[in-house]
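Structure at a glance
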Amino acid sequence: MSVLLETSVGDLVIDLYTDSAPLTTKNFLKLCKLKYYNFTIVHHVETGFVVQMGDPTGTGQGGESVFGVLGGSKYFPPEMLPSRKHRRGTVSMVVLDDDARGVSGSQFFITLSNGLDYLDNKHAVFGEIAEGWDTLDKMDASICDEGGRPLSDILVRHTIVLHDPFPDPPGFPSIPHSPLLPTAEQEEIMRIEAGDSIEVAEDREMAEKRRREQEAKAQALTLEMIGDLPYADVKPPDTVLFVCKLNAITRDDDLETIFARFGKIVSCEIVRDNGTGDSLGYAFIEFETKEACEEAYFKMDNVLIDDRRIHVDFSQSVSRLNGKWVRARSGADDLVGDGGGRQGKLQMRRKYRDDVFSGGEDRNMGAQAFDFVFEAPQNTASNTKDSRDRGKRRHDSARSERHYEHNADRDRDRGHTSSQWDSMDRKGRHRHGSGRRSSKSPEGDSKRRSDNSHRRSRFDR
């Protein structure tokens, strides 16, 4: 027989010893059925020892049995089972020394380790943990105050009786319907539930900054999903400057000459209109080293160039990096350097084999060529030679057929009869079907020329 405890850190399934401890298990089952343990807290935890719960007051001094709830005795004498030992996952009723036998109410505990034999015959074992060992580990790892109560409350939110073999005692009330809400007394006992975060008041500026960061991350993830960015957390290169407020007459080479005194420049490009070619007033300058870029940033901001005071800042654009990534993905370029990223050269996805080619231009492409994936032949060189020989024979045969048809058309134009053409057709098919002479051999050409001249002499007569 089992009971499911739903707690704020996970679920626990307890198997009950209903045969050997019927009175104790009946008390526990009926209390769970009445939802007596709902919204009670784990009021005491000792790491590596026990987790104690079941007190509605949360102090460890309260609680009563189901018989007391129904108007009878507050406590009951539990069964002591000498054969049941306390080991990790054992569930026992807390026994009070009110009389010689000891009594129990509603409080119970779960042991957290083995070797607790000094608890045997002092507390009433009535079940064991069947599922939820990870939940038990979370309870064991909770941080507690000086009295052993977890700083973040661990609540028993709900109890579910999976099977109850005992009949309800007389006067047993109707079972309350779920969901239940905690009472005012229970809410007064609670602190911060495990898993809840403490809301800290923050000023409007920090809240706006955090909102913008979250929005930027969401937009970057969207760009990654549609393929405009290699990945969402890509960083702009730290060797590129953004220069704006430029005069329209400023040229690329002039700007490069001015900034070249800080170090070697890889590229200097003023962004222009695609249609007119006019300057848009801003440019990107890429240095070879990060140090040269930083020095230009500090010394060139607000400098007068062509009667305009320019503004210099570090570039936040990743369009150039994304262009390299797109070209690398398509095989046209390599992504060189880290660029603030996670990977260097991006490999093309290998869908085709690059060691066997089907001829034509692929043979001259080297490692960049691809062919459909088939099982690799055992002897590539011999198979390629056989394929070439078969292609040559097919070409010679087709050429011979075309030559034969040409002669036949020419003879027909000269007035050959149908019977004479059938005779020639049979001779031609016999001659070409034998395949003994190639159309390129000198002997075959002279033979056909003599045959054609003989036919012309006969029909001319």
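Since the model is a prediction, treat every value here as computed from it, not as a measurement. (Residues numbered from 1 in each chain as written. Predicted model: local features only at pLDDT ≥ 70, side-chain atom pairs only at ≥ 80, totals over all residues. Heavy atoms only, no water.)

1. Re the environment of Ala124
Which entries qualify depends on this criterion: Each helix corresponds to a stretch of at least 4 residues labelled H or I by DSSP, and each strand to a stretch of at least 2 residues labelled E; elements are numbered beginning at the N terminus. Only protein chains enter the accessibility calculation, which uses a 1.4 Å probe; a residue whose area is less than 20% of its type maximum is buried, one above 50% is exposed, and one in between is partly exposed. Pairs of residues are marked as contacts when any of their non-hydrogen atoms sit within 4.5 Å.
Relative to the helices and strands, Ala124 resides in strand E8 (residues 124-131). Note on Ala124: relative accessible area 0%, which makes it buried. Sequence separation between Ala124 and Ser104 is 20 residues; the distance between their C-alpha atoms is 8.6 Å. The residues touching Ala124, leaving out its near neighbours within four places in the chain, are Pro78, Glu79, Met80, Val91, Ser92, Met93 and Val95.

2. A short note on a nonpolar patch on the surface
Heads up, the condition is: Patch definition: residues with relative accessible area over 30% and no salt bridge; like charges joined within 9 Å; nonpolar side chains (Val, Leu, Ile, Met, Phe, Trp, Tyr) joined within 5 Å. Method for areas: the Shrake-Rupley scheme with a 1.4 Å probe, in which residue coverage is limited to the protein chains shown. Any Lys or Arg side-chain nitrogen found within 4 Å of a carboxyl oxygen on Asp or Glu counts as a salt bridge.
The grouping of Leu221, Leu223, Met225 and Ile226 at the surface amounts to a nonpolar patch, some 420 Å² of accessible area in total. Take Leu223: it is sitting in helix H5 (residues 204-226).

3. Here's the deal with the sheet that holds E8
Paired through backbone hydrogen bonds, the strands of a sheet run either parallel or antiparallel to each other. Keep this limit in mind: The pairing criterion for strands is at least two bridges between them, as found by DSSP. To define axes, lines are fitted to C-alpha atoms, for helices over the stretch in contact only, and angles between the resulting N-to-C directions are given on a 0 to 180 degree scale.
Spatial ordering of the open sheet is given by E3-E10-E1-E2-E8-E6-E7-E5-E4, a layout of nine strands whose pairing is antiparallel. Every other strand in the sheet has two partners, leaving strand E3 (40-41) and strand E4 (44-46) as the edge strands with one partner each. The pairing of E3 with strand E10 (residues 155-161) spans two bridges and is classified as antiparallel. Across the sheet, residue Ile41 finds its bridge partner in E10, namely Leu155. Strand contacts of helix H3 (residues 133-140): strand E1 (2-7), strand E2 (10-16), E4, strand E5 (50-53), strand E7 (108-111) and E8, with the helix running at about 115 degrees to E2, the strand carrying the most contacts.

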